[in-house]
There are 2 protein chains.
Amino acid sequence: MILEKKKAFSTFAVSKGLRSTRQRDIILDFFLSTHQHVSVEELYLKIKATHPGIGNATVYRTLKLFVEAGLAREILLHDGQTRYEHIMAGEHHDHLVCTGCNAIIEFEDETIEKLQNEIATRHGFMIRSHKLEIYGLCVNCRK
Amino acid sequence: MILEKKKAFSTFAVSKGLRSTRQRDIILDFFLSTHQHVSVEELYLKIKATHPGIGNATVYRTLKLFVEAGLAREILLHDGQTRYEHIMAGEHHDHLVCTGCNAIIEFEDETIEKLQNEIATRHGFMIRSHKLEIYGLCVNCRK
DNA sequence: CTGCTTTTGAAATTCATTTTCATTTGATGT
DNA sequence: ACATCAAATGAAAATGAATTTCAAAAGCAG
Ligand SMILES: [Mn+2]
Ligand SMILES: [Mn+2]
Ligand SMILES: [Zn+2]
Ligand SMILES: [Zn+2]
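### Re the pattern of salt bridges
Residue and element names in this part refer to chain A.
So, point 1. For the structure shown, the criterion picks out 12 salt bridges over all chains.
So, point 2. The salt bridge partner of Asp29 is Lys6, with a shortest N-O separation of 2.5 Å. A residue pair is termed long-range when its members are at least 10 positions apart, and Asp29 in helix α2 (residues 22-32) and Lys6 in helix α1 (residues 2-16) qualify at 23 residues.
So, point 3. Exposure remark for Lys6: the relative accessible area of 32% places this residue in the partly exposed category.
So, point 4. One salt bridge connects Glu42 with Arg83, and the closest N-O pair in it is separated by 3.3 Å. One end of the pair, Glu42, is in helix α3 (residues 40-50); the other, Arg83, is in strand β3 (residues 82-86), and 41 residues separate them in sequence.
So, point 5. A network of salt bridges, in which partner residues are shared, links Glu42, Asp79 and Arg83.

See the structure below:
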């Protein structure tokens, strides 16, 4: 799976005429080995620990490439930091976001997806994508 | 409806021990008379034209009060500016966003809301709010 | 290796939003 | 109306994420 994504990025890079660099390899490795929904700063700090030479501008730039390449999706929560999560071809999920501890739980619901299609049809709308985020308190944070 | 909201804010202000100020009245008037999904800067500039004395910090501060008061909701699109839209206490809607012409169609779906509650319950999660945005092409833009 | 172009990192910059703080203003009591 | 005192305001400074700049470094084709 990780190998697949590396190959996918390589293919993308070639098709775009991008050069293969040490930094991009490292950033991709770290991104792929990181839990979902990393902020750029988080990823940058992790990388910096073992690769102090890499600048944050490069991390910002490279994550945008991953989005272009279809490996990552940008998500905006309400904490002022852009986060990136892994996506696999064809896969989709939505998010429960805990406003207490920032935990993110992923879920899928076929019925909701179906209802969205109906709503779109009703409005003559052709769906490209959607985003459903449910905010609240997770089990640990309620009480 | 505008009167209702003014009253609602007034009630909120009283309950919170907030003072009634000229600025808040003006900002509320402008907010209520503005189309949906205004950015703070947009609203500030509009106000500034006829009320040059009002500072943007006050506009920022006041819009947050409107959210607290249940009159407004904060929306994050991908343009780096926080936007606010009108809501009525207790009312809720979601968005169909046309990526062609940026039109926004609002909708409500009780079944989806219900399913969201079930999902939340299933994960021990207490819902505070949610955001559902469906991206695609509106009737005019598909052709 | 050479020459050309992309990429990079550090620093500067941008831009939205927040904070600071001196001043003004609203509310309350006299 | 006046005095008092906390809350609210505006201007300016500060913050912080993200982007841009640019000289130096690195990739790649020949
Ligand atoms: Mn996710
Ligand atoms: Mn709306
Ligand atoms: Zn939590
Ligand atoms: Zn459209």
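### What to know about the interface of chain B and chain A
So, point 1. Listed as interface residues are 36 residues of chain B and, on the opposing side, 36 residues of chain A.
So, point 2. Summed over both sides, the interface between chain B and chain A buries roughly 3400 Å², with carbon and sulfur atoms accounting for 67% of that surface.
So, point 3. Applying the counting criterion to the chain B and chain A interface returns 2 salt bridges.
So, point 4. A:Lys131 serves as the salt-bridge partner of B:Glu133, at 3.8 Å between the closest nitrogen and oxygen.
So, point 5. The interface formed by chain B and chain A contains 12 residue pairs in polar contact (both at pLDDT 80 or more).
So, point 6. Of all elements in the fold, only β2 (72-76), β4 (94-98), β5 (104-107), α5 (110-122), β6 (126-137) and α6 (139-142) of chain B reach the threshold of two or more residues within the side of chain B that touches chain A.
So, point 7. Per-class residue counts for the side of chain B that touches chain A are 20 nonpolar, 9 polar and 7 charged.

Analysis parameters
Residues numbered from 1 in each chain as written. Chains lettered and ligands numbered in written order. Predicted model: local features only at pLDDT ≥ 70, side-chain atom pairs only at ≥ 80, totals over all residues. Heavy atoms only, no water. Salt bridge = Lys/Arg side-chain N within 4 Å of Asp/Glu carboxyl O. Helix = DSSP H or I, 4+ residues; strand = E, 2+ residues; numbered from the N terminus. Buried < 20%, exposed > 50% of the residue type's maximum accessible area, 1.4 Å probe, protein only. Contact = heavy atoms within 4.5 Å. Buried area = accessible area lost by both parts, 1.4 Å probe. Polar contact = N/O pair within 3.5 Å; in protein donor to acceptor, adjacent residues only side chain to side chain. Nonpolar A, V, L, I, M, F, W, Y, C, P; charged D, E, K, R; others polar.

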